[in-house]
Amino acid sequence: MLATLPGRTQGLGLATESLLADLKLDRVLYADQNFWATILGAAACLPMGWAIDRLGLKWVTTAVVLGLGLTVWRMAGADSNPVALFGLLLATRALGQSALSVCSVTTVGRWFPQRAGMAMGVYSVLLSVFFVVGFVAVGAWIQTGGWRVAWSRIAVALVFVVAPLALLGLRQPRVGAGLDRPATADGEAPGTPFAAAIRTPAFWFFAMAGAAFNFASSGLGLFGEAVFAENGFDQSSYHAFLAVSTLMSLVGQFACGWLASRRGHRVPTRVALAVYAAGLAMVPMVHARWQLWIVAVLVGVAGGAVIVVFFSIWSETFGQRHLGRIQGAAQMLTVLSSGLGPVVFARSHAATGSYGPLLWVLAAAVLVLGLSARRRFFEERLPAVGGTPVGA
């Protein structure tokens, strides 16, 4: 997942100013290119899930990493041609943010089909730590050698470090070896068919929970400084907010992993969405530092919990056999929402002169979504290939 950095908004954001100055690009044009690259790149999630289910994790992941590495290398030598640049942005989004993310979460889902809460909690915490290290390292490379040197080094690491690790280290777990479900009659792991899975309330509830979080967090991530400036906070206050909320997300990830392993996913999901709604609703009303820290704790803890639930629920609910396609469809919705969020934030501000009304609407929507998590979503027994029932 760390290797997806050059295809993510945060990773591209590290090089944005240097890239714009170097290529003499218009800021609005570059923003539009990023938006459409994100939206169109999300389409890679579905065929990637199908490929994983058919060809296995090892070969698909290795091919994606090599493709991403070659794309990043080519981007390091990009010129100001807007068409060529858009093609490279689209490829990094499709291969990095979409395809490789599906490979990563599916790998963990394959190995921990039951009681995945704690495994995904550890995974999420390590992911947060690795990304912090990655941001610092890439940022230092850009400062010392420029964005082209940084992207060249990332490309070398992808091709000569990450790709061999995927080829040599990724193994498909044997059915029955550490898995809690028996094989079906044809020797395959059981699982709900893709078409049946996407017709269930459980799929759409969990997918929408992840999408709602990504929608709000992407908008706050891009315009967060302006959001808090409306209440009189300066840039340093916003940076402190980011630090506290990131730290609290680690707490939320561990807490959710521990709770999910003992109580299932229903309780942490409902609590996380309610807490996140409270945090979003408080943002427009924050005027003192102590209030800012409360919001940072609420948003951070809830966000960390939502991430763990989103990563861990699919294999436990729908089984192994079609896990790639199911997680690919869910991941596609989160990528689309992350691309749409900043656009809605910007247009809402232009229409009302403030971010507050949109944040209150989002808070209400997230709360309603959490309240809709009926017990039957979690206790429903789903038909699986081979006749073995699969439940959440």
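Residues numbered from 1 in each chain as written. Predicted model: local features only at pLDDT ≥ 70, side-chain atom pairs only at ≥ 80, totals over all residues. Heavy atoms only, no water.

Enquirer: Please explain the environment of Gly300 as it appears in this structure.
Expert: Mapped onto the secondary structure, Gly300 falls in helix 12 (residues 289-318). Residue Gly300 is classed as buried on the basis of its relative accessible area of 4%. Residues Gly300 and Tyr276, spaced 24 residues apart in sequence, show a C-alpha to C-alpha distance of 8.4 Å. Not counting the four nearest positions on each side in its chain, Gly300 is found in contact with Ser245, Met248 and Ser249. (Helix = DSSP H or I, 4+ residues; strand = E, 2+ residues; numbered from the N terminus. Buried < 20%, exposed > 50% of the residue type's maximum accessible area, 1.4 Å probe, protein only. Contact = heavy atoms within 4.5 Å.)

Enquirer: Even after reading the chapter, I still don't get the packing of helix 1 (residues 9-23) against helix 7 (residues 147-169), so can you show me in this structure?
Expert: Where helix 1 contacts helix 7, the axes come no closer than 9 Å and their chain directions differ by 135°. One finds that helix 1 runs oblique with respect to helix 7. Of the residues in helix 7, those touching helix 1 at Gly11, Leu12, Ala15, Ser18, Leu19, Asp22 and Leu23 are Trp147, Arg148 and Trp151. Of the residues assigned to the contact of helix 1 with helix 7, the class counts are 6 nonpolar, 2 polar and 2 charged. (Axes fitted to C-alpha atoms, helices over the stretch in contact; angles between N-to-C directions. Parallel < 35°, antiparallel > 145°, perpendicular 65-115°, else oblique. Nonpolar A, V, L, I, M, F, W, Y, C, P; charged D, E, K, R; others polar.)

Enquirer: Can you walk me through a nonpolar patch on the surface in this structure?
Expert: Together, Leu2, Val122, Leu126, Val129, Phe130, Val133 and Phe254 line one region of the surface with nonpolar side chains, adding up to about 580 Å² of accessible area. Examining the composition of the nonpolar patch, we find that 5 residues originate from one element, helix 6 (residues 116-145), more than from any other. When you line up the elements, Leu126 lands in helix 6. Given a relative accessible area of 43%, Leu126 falls into the partly exposed group. (Patch = residues over 30% accessible without salt bridge, like charges linked within 9 Å, V, L, I, M, F, W, Y side chains within 5 Å. Areas by Shrake-Rupley, 256 points an atom, 1.4 Å probe, with all protein chains shown as cover. Salt bridge = Lys/Arg side-chain N within 4 Å of Asp/Glu carboxyl O.)

Enquirer: Got a minute to help me understand helix 7 in this structure?
Expert: Because an α-helix packs 3.6 residues into every turn, residues spaced three or four apart end up facing the same way. Over its 23 residues, helix 7 runs 30 Å from end to end, which matches the ideal 33 Å to within 8%, given 1.5 Å per residue. By the largest-angle criterion, Leu158 marks the main kink of helix 7, which is about 35°. Burial in helix 7 covers these residues: Trp147, Ala150, Trp151, Ile154, Ala155, Leu158, Ala163 and Ala166. (Expected span 1.5 Å × (residues − 1). Bend = angle between axes of the 7 residues up to and from the residue.)

Enquirer: Could you clarify how one ought to interpret empty space enclosed by the protein in this entry?
Expert: It is the rolling of a water-molecule-sized probe over the atoms that shows where space remains empty. Inspection of the entire model under this criterion finds 2 cavities of 30 Å³ or more. Within this model, the largest cavity holds a volume of roughly 70 Å³. Lining the largest cavity we find Phe206, Ala209, Gly210, Thr269, Ala272, Leu273, Val306, Val309, Phe310 and Ile313. Of all the secondary-structure elements, those providing two or more residues to the lining of the largest cavity are helix 9 (201-229), helix 11 (266-282) and helix 12. Here the lining of the largest cavity takes 4 residues from helix 12, the largest share from any one element. The residue inventory of the lining of the largest cavity, partitioned by class, reads 8 nonpolar, 2 polar and no charged. (1 Å grid on protein atoms, 1.4 Å probe; cavity = no way out; pocket = protein on both sides within 12 Å on 5 of 7 lines; lining within 4 Å. Points joined across faces, edges and corners; volume = space filled by probe spheres on them.)

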